[in-house]
Amino acid sequence: MSTLTLWLAVAGAGAITFVLRLSFIALLGRIEIPIVLSRALRFVPAAVFTAVVVPLLFYVDGALEVSLGNERLLAGLAAALFAWRTRSVPLTLVGGMLVLWTLQILGQSL
Amino acid sequence: MAAVPLLSAGASITVVLLTVLVINLRLTLYSASLAPHFRRIPAGWKGLLAYLLTDQAYAATITPFDDGETEEPDKRWYFLGVALAIWVTWQAATLLGVFVGSWASEGWSLDFVLPLIFIAAVVPAIKDRTTGAASLSAGVAALFCVALPLNFGLISAALVGVIGGLATEMILGRSRP
């Protein structure tokens, strides 16, 4: 891919994501959204964040891996527990990384 | 970020842009979800806030907004403060990555921070049985949607989650406003 095409791709990607982000923020106030849609919006955070996380934890190298050998899944579950108990983002990040590293070290020594 | 491996693999610009479009459709959901909170602000503000809208900025602001902890006139400033801080950190960290990224080893699994950030965001977003059902149905759908082409899995699973939440709400009756 030439340098020019690369810059075009970057500029295009930037323009696309900006339009997506602006979409409803700009429209609302001019149009009213249906009631069912506004009720649906309450579920967006829980649904989107889960949809992002699940494949990152359950899939290893493109294959579904639900076992005690899946360190990322175990560390992710531990992090969810930290997040629930502490409600702290830094503690969740540090705790999750520490659990992952511990599991990886244990996995190597077995 | 999903576009980076495609670019290095020499995919065509159409495939790259299509992938960017599909994977970022979730930003439309963020935009719709924030829109009621930014209903009465000037167009310039809307442009600025949309430009700064990232996963993390959304995650950090939507829970206090939806819980009604912030008054409407303050929301734009609240969002600007959070989003600008994240944007500056993002740019600085990207520069840092360019210069010292090769020094950080893959063995450190630093990429695991990405799911951890979303885990820290999803837990406070699950507030009751209906939002729990939204999360559960999105999660189950995500397991099956991974194989969809062009990263359509993410937005499909997210929409299944939203529908799951709505359906549960109808079955249980509205638990909390």
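Being a predicted model, the structure only gives us computed values, none of them experimental.

What counts as what
Residues numbered from 1 in each chain as written. Chains lettered and ligands numbered in written order. Predicted model: local features only at pLDDT ≥ 70, side-chain atom pairs only at ≥ 80, totals over all residues. Domains from an automatic or database assignment. Contact = placed C-beta atoms within 7 Å. Helix = DSSP H or I, 4+ residues; strand = E, 2+ residues; numbered from the N terminus. Nonpolar A, V, L, I, M, F, W, Y, C, P; charged D, E, K, R; others polar. Expected span 1.5 Å × (residues − 1). Buried ≥ 20, exposed ≤ 12 C-beta atoms within 10 Å, placed from the backbone.

(A) Region of interest: the domain arrangement of chain B. All names here are of chain B. Segmenting chain B into domains produces domain 1 (3-125) and domain 2 (126-177). Taken together, the ten residues of domain 1 in the interface contact nine residues of domain 2. If you list the elements that add at least two residues to the side of domain 1 that touches domain 2, you get α2 (13-23), α3 (25-34) and α7 (113-125). Sorting elements by how many residues they give to the side of domain 1 that touches domain 2 places α2 first, with four residues. Of the residues contributing to the side of domain 1 that touches domain 2, the split by class is eight nonpolar, one polar and one charged.

(B) Quick look at the domain arrangement of chain A. Partitioning chain A into domains gives domain 1 (1-32) and domain 2 (41-109). The gap between the C-alpha centroids of domain 1 of chain A and domain 2 of chain A is 31 Å.

(C) The interface of chain A and chain B, seen in detail. Counting residues at the interface gives 56 residues for chain A, matched by 63 residues for chain B. Contributions of two or more residues to the side of chain A that touches chain B are made by α1 (3-27), α2 (35-40), α3 (44-58), α4 (71-86) and α5 (89-109) of chain A. Partitioning the side of chain A that touches chain B into residue classes produces 41 nonpolar, ten polar and five charged.

(D) Main features of α4 of chain A. Spanning 16 residues, α4 of chain A covers 22 Å between terminal C-alpha atoms, matching the ideal 22 Å at 1.5 Å per step. Those residues of α4 of chain A that sit buried are E71, R72, L73, A75, G76, A79, A80, F82 and A83 of chain A. On its buried side, α4 of chain A packs onto α3 and α5 of chain A together with α7 of chain B. Just downstream of α4 of chain A lies R87 of chain A, where phi reads positive at about 55°.

(E) The arrangement of unusual backbone geometry in detail. Phi at R87 of chain A is positive, roughly 55°, even though this residue is not glycine. In this fold, R87 of chain A is placed in the loop between α4 and α5. Overall, the presence of 12 C-beta atoms within 10 Å leaves R87 of chain A in the exposed class. One non-glycine residue, S109 of chain B, lies in positive phi territory at about 55°. The topology assignment puts S109 of chain B in the loop between α6 (72-100) and α7.

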